[in-house]
Amino acid sequence: MAIAAVGLGACDDRRPQPLTIDNALTADEIAAGRLTPEVMWKMSRAGSSSLSPDGKTLLYAQTDYNMAQNRGVTTIWVQDMASGAVTRLTDTASNNADPKWSADGRKIYFLSDRSGSMQVWRMNAAGGDATQVTGSGGGEGVPDVEGFGVSPDEKHIWWVQAVQTARRKSSDVYKDMDKSKARIYDDLMARHWDYWDEGSYRHIFIGELGKGLVTGGTDIMPDAQWDAPLAPYFDMAEIAWNNAGTMLAYTCKPLTGTEYAVSTDSDIFVYVLESGVTQNICKPVNVNTGEPVASDKAVMAGYDKYPVWSPDDTKIAFLSQRRAGNESDKARLFLYDCRTGEMQDLTEDFDYNAMNVVWEGNDRIWFIAPIEATHQICRISPSVGEVEVVTRGDHDINAFSMAGDRIVAEMCTISMATEFFGVDPADGTLTQLSAINKPVYDNIRMGEVQKRWVKTTDGKQMLTWVILPPDFDPDKKYPILLYCQGGPQSVVSQFWSYRWNFQLMAAQGYVVVAPNRRGLPSFGQEWLDQISGDYAGQNIRDYLSAIDDVAGEPWADETRMGCVGASYGGYSVFFLAGCHEKRFKAFIAHCGIFNFESMYGETEELFFINNDYGGPYWDRSNQVAQRSYANSPHKFVSKWDTPILIFTGEYDFRIPYTQSLEAFTAARVRGIPARLVEFENEAHQVFRPQNSLVWNREFFGWLDKYVK
């Protein structure tokens, strides 16, 4: 596959030196032929793909890392669909991300920090002639652009940046106390995910293109003390231009304080450029009285997100969750008629979530759905009303784009990081188009992935992935790892992870058992809902059914078994430590919930634990909640008898590091071998390259000591 590089021309002197990409395997790594943490961090990570309007070119971003410098760089690439040739359009002296085609396909808009702050830039489709679009030249003091979208007519641009609308610091209140580091709060939420609320929120701005550098713009949500797109993930797919470039649809949750903390009630808003008027399409009001309109729309009390306009701008497709406070309710594909205000639930009879919505013409919608621990492309014609599953196979399709009759998908499996695949729209046949990490795959061996259906204690069938070590020999005995999924409502699909990688575990000589226990999506809403209010129930029994089933194999050494997991999976580890009946030789918990009562007062999104625990711990009349608190892992520490390794991040405010400290203290006071690994600059996950290698060395060192 031919690779070319195109320079972008002169830039200012503030640009750092290009980052040297550290992705060549060493002679020793090639000779060993196995996946290691070091090899995994040499892999390129591709995404943000889109087809050009004529379908002839694929545009995407790629991130590569240098371990010695403990950082990565994102570059922009194109692949010619006819020849397969790939060309890098940006160099490694700056981060360049989120590339988007202009409507005519002649230009590419993208984010770049080459001027000193992250701003929108534009280049021609072949690379070169880079021009800054937003900001005032960049540099210190210029707010970063966190996301953007150019109108189809290229007359306007929206972008997202932080705006200070409230004062939380004591030095802002008490001018004579300028060295004070106090923050002052009168209401929730004091912090979110990995940051303290200091009164700065993401707002959407709209500016005119074609009149030089866009430096001002209109804040379409002035004074709002909430974010658009939604915190804490700030997914820019929640904002969309209409095709005429006259209106902008976006998602936000216009609530503050405790009301914000206990609610998932986000809505779709439409902003009209000419008038400056904003309409909430999910909760319409009478224009004369201002009173809510009585209709089925009034029950849309959960998350409503991801608006996508039909080509003729008469309809908006979006995703809606009906149940308030339940972030894992079914994501239904809804259709809003802009002319009549009528709503239609397109997936009422389809028992799976919808995501990544794309229009084909005005009467066909394509989307992705998780189905039996895979992610597939589906389609529906609203006038017909029946969902058709287009693709088949054990894979995860995580995104796709369309141009005419051509579809290109981003796809991964347990054994393959994201690559690009062509999708035949007629029958869903997949054809691999890229080989981004071929130099790695050509020099390492992957283990076999088995699809196993395990009978549960209540007589149901549970899909469980079993990943065998490379060069597996059925006449040998292998140690086994039970993987406990987080979420807790996150599917154990054909995902490739750079944090919890099944093939990486298998490459170290372990058989990995990854069950889709109760409480996970892609098996219908009833299977998913079971876990809420019952963390210690059937889902825990499902874990044990899976590990006991595999432990019965002649090649499985049931005397050498470990149990690992993060988030809810970390809770699972803490809970199983008190009831595993000596199945496991070692436990590893990452950012797990240990004490339900202290967790309620420490976490931030209260709607989550209100839904999943059943309510607060002080509500003695709530039997569901009291059952949850009675089964908190900290109440079973007296039964702990097995070595445990605990990871946590200091900036994790979802499951604060104090939960891990409580568990570590309990283990050591009881004389149980334990280790605490705390990352002062990480949150709920570990992202930084060198931190990741430390994490992996501790992870496998612990397993090798107590299990292998």
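Residues numbered from 1 in each chain as written. Predicted model: local features only at pLDDT ≥ 70, side-chain atom pairs only at ≥ 80, totals over all residues. Heavy atoms only, no water.

Secondary structure summary: the protein contains 14 helices and 39 strands in total. Against the 2.2 N^0.38 benchmark of 27 Å for 708 residues, the protein shows a C-alpha radius of gyration of 26 Å, consistent with a compact globule. Its C-alpha atoms give the protein principal-axis dimensions of roughly 70 × 65 × 65 Å. Counting only residues that meet the buried cut, the protein has 58% of its 708 residues in that class. Long-range contacts, defined here as pairs at least 24 residues apart, represent 59% of the contacts in the protein between residues at least 6 apart. If you sum the accessible surface of the protein, you get close to 28500 Å²; carbon and sulfur atoms cover 48% of it. (Helix = DSSP H or I, 4+ residues; strand = E, 2+ residues; numbered from the N terminus. Rg over C-alpha atoms; globule rule 2.2 N^0.38 Å. Buried < 20%, exposed > 50% of the residue type's maximum accessible area, 1.4 Å probe, protein only. Contact = heavy atoms within 4.5 Å. Areas by Shrake-Rupley, 256 points an atom, 1.4 Å probe, with all protein chains shown as cover.)

Moving on, we come to the sheet that holds strand β11 (residues 156-164). The 4 strands are arranged β10-β11-β14-β15 in an open sheet whose pairing can be described as antiparallel. Each edge of the open sheet is held by one strand with a lone partner, namely β10 (147-150) and β15 (218-219). One ladder, built from 4 bridges, connects β10 with β11; its direction is antiparallel. Note that in β11 the partner of Gly 147 across the bridge is Val 160. (Pairing = 2+ DSSP bridges.)

The next thing to look at is the packing of aromatic side chains. If you walk through the whole model with that rule in mind, you get 45 aromatic pairs. Ring geometry for Trp 159 and Phe 205: centres 5.7 Å apart, planes at 15°, overall stacked. Linking Trp 159 in strand β11 with Phe 205 in strand β14 (residues 200-208), this pair joins segments that are 46 residues apart in sequence. What makes Trp 159 buried here is its relative accessible area of 3%. The ring of Tyr 260 has Lys 253 lying over it, and the distance from NZ or CZ to the ring centre is 3.7 Å. (Phe/Tyr/Trp six-rings, centres within 6.5 Å; stacked < 30°, edge-to-face > 60°. Lys NZ or Arg CZ within 6 Å of the ring centre and 35° of its normal.)

Those places that UniProt annotates as "domain: Peptidase S9 prolyl oligopeptidase catalytic" (unreviewed entry) correspond, in this numbering, to residues 496-707. Here residues 496-707 runs as 42% helix and 16% strand, with 25 Å between its end C-alpha atoms. (UniProt positions renumbered as here; feature names shortened; annotations may be inferred.)

In terms of nonpolar packing, the biggest core is built from 128 residues, with Ile 204, Trp 640 and Phe 699 touching the most fellow members. Looking at this core element by element, the count peaks at 7 residues for helix α8 (residues 538-551). By size, the runner-up hydrophobic cluster in this structure holds 16 residues, among which are Leu 333, Leu 346, Trp 359 and Cys 378. (Core = buried A, V, L, I, M, F, W, Y, C linked by side-chain atoms within 4.5 Å.)

What follows covers the side chain of Asp 227. Along the chain, Asp 227 turns up in the loop between β15 and β16 (239-241). Notably, Asp 227 is buried but unbridged: the nearest opposite-charge side chain belongs to Arg 202, and the N-O separation is 4.8 Å. A distance of 2.6 Å separates a polar side-chain atom of Asp 227 from the backbone nitrogen of Arg 202. (Lys, Arg positive; Asp, Glu negative; His and termini not counted. Salt bridge = Lys/Arg side-chain N within 4 Å of Asp/Glu carboxyl O. Polar contact = N/O pair within 3.5 Å; in protein donor to acceptor, adjacent residues only side chain to side chain.)

With that settled, consider the environment of Val 564. Topologically, Val 564 is positioned in strand β36 (residues 556-566). Classification of Val 564 as buried rests on a relative accessible area of 0%. Each C-alpha atom of the pair Val 564 and Thr 413 lies 21 Å from the other, and the pair is 151 residues apart in sequence. Every residue in contact with Val 564, bar those within four places of it in the chain, is listed here: Leu 482, Tyr 483, Cys 484, Trp 500, Val 573, Ile 588, Phe 699 and Leu 703.

Within the structure shown, the criterion is met by 34 salt bridges. Ionic pairing is found between Glu 388 and Arg 379, a salt bridge with its closest N-O pair at 2.9 Å. A residue is classified by how much of its surface remains accessible, and Glu 388, at 38% relative accessible area, is partly exposed. The buried category is assigned to Arg 379, whose relative accessible area is 9%.

The next subject is the pairing of strand β7 (residues 107-112). The buried fraction of β7 amounts to 5 of the 6 residues, a majority that puts the element mostly inside the structure. Pairing between strand β6 (residues 96-101) and β7: 4 bridges, direction antiparallel. Looking at β7, one finds that Ala 97 is bridged to Leu 111. Counting the residues between successive antiparallel strands, the hairpin from β6 to β7 contains 5 residues, one of them, Gly 105, with a positive phi of roughly 75°. Strand direction decides the pairing type here: β7 and strand β8 (residues 119-124), joined by 6 bridges, are antiparallel. Residue Leu 111 lies in a different strand from β8, and its bridge partner there is Val 120.

A few words now on helix α12 (residues 623-630). Every buried residue of α12 is accounted for by Ala 625, Gln 626, Ser 628 and Tyr 629. For α12, the arc enclosing every buried residue in end-on projection is 155°, short of the 170-degree limit, so these residues lie on one face. Here the buried face of α12 lies against α10 (596-602) and α11 (606-613). For α12, the side-chain oxygen to backbone nitrogen distance between the N-cap and Val 624 is 3.1 Å, and the N-cap itself is Asn 622. (Arc of directions from axis to C-beta.)

As a further point, take a nonpolar patch on the surface. Together, Val 173, Tyr 174, Met 177 and Ile 184 line one region of the surface with nonpolar side chains, adding up to about 370 Å² of accessible area. Mapped onto the secondary structure, Met 177 falls in the loop between α3 (170-173) and β12 (191-192). On the basis of relative accessibility, which here comes to 43%, the residue Met 177 falls in the partly exposed class. (Patch = residues over 30% accessible without salt bridge, like charges linked within 9 Å, V, L, I, M, F, W, Y side chains within 5 Å.)

For strand β34 (residues 478-484), the buried fraction is high: 7 of the 7 residues fall into the buried class. Where β34 meets β36, 6 bridges bridge the pair, whose relative direction is parallel. By the bridge assignment for β36, Leu 482 is matched with Cys 563. The pairing of β34 with strand β35 (residues 511-515) spans 3 bridges and is parallel. Residue pairing across strands places Ile 480 opposite Val 511, the latter belonging to β35. Handedness of the β34-helix α6 (residues 502-507)-β35 crossover: right-handed. (Right-handed = clockwise from strand over helix to strand, strands pointing away.)

The next point concerns the sheet that holds β36. On the basis of which strands lie adjacent, the open sheet formed by 8 strands has the order β32-β33-β35-β34-β36-β37-β38-β39 and mixed pairing. Sheet topology places β32 (449-455) and β39 (674-679) at the edges, where each strand pairs with a single neighbour. Neighbour-to-neighbour, the strand axes of the sheet open up by a mean angle of 20°, direction not taken into account. Inspection of the sheet shows strand β38 (residues 644-649) paired to β39 by 6 bridges, in the parallel sense. Note that in β39 the partner of Leu 645 across the bridge is Arg 675. (Axes fitted to C-alpha atoms, helices over the stretch in contact; angles between N-to-C directions.)

Before going further, it helps to spend a moment on helix α14 (residues 689-706). Spanning 18 residues, α14 covers 26 Å between terminal C-alpha atoms, matching the ideal 26 Å at 1.5 Å per step. What α14 keeps buried is the set Pro 689, Asn 691, Ser 692, Leu 693, Trp 695, Asn 696, Phe 699, Phe 700, Trp 702 and Leu 703. (Expected span 1.5 Å × (residues − 1).)

For Ser 266, the location among the structural elements is in the loop between α4 (257-261) and β18 (267-272). The class of Ser 266 is buried, set by a relative accessible area of 0%. At 3.1 Å, the side chain of Ser 266 forms a polar contact with the backbone nitrogen of Asp 304.

This part covers unusual backbone geometry. For the bond from Leu 188 to Met 189, the omega torsion is -5°, close enough to zero to count as cis. At Ser 48, a residue that is not glycine, the phi angle is positive and equals roughly 50°. By the secondary structure assignment, Ser 48 is in strand β2 (residues 45-51). Phi at Phe 234 takes a positive value of approximately 50°, unusual for a residue other than glycine. Summarising the element assignment, Phe 234 is placed in the loop between β15 and β16. Judged by its relative accessible area of 12%, Phe 234 is buried.

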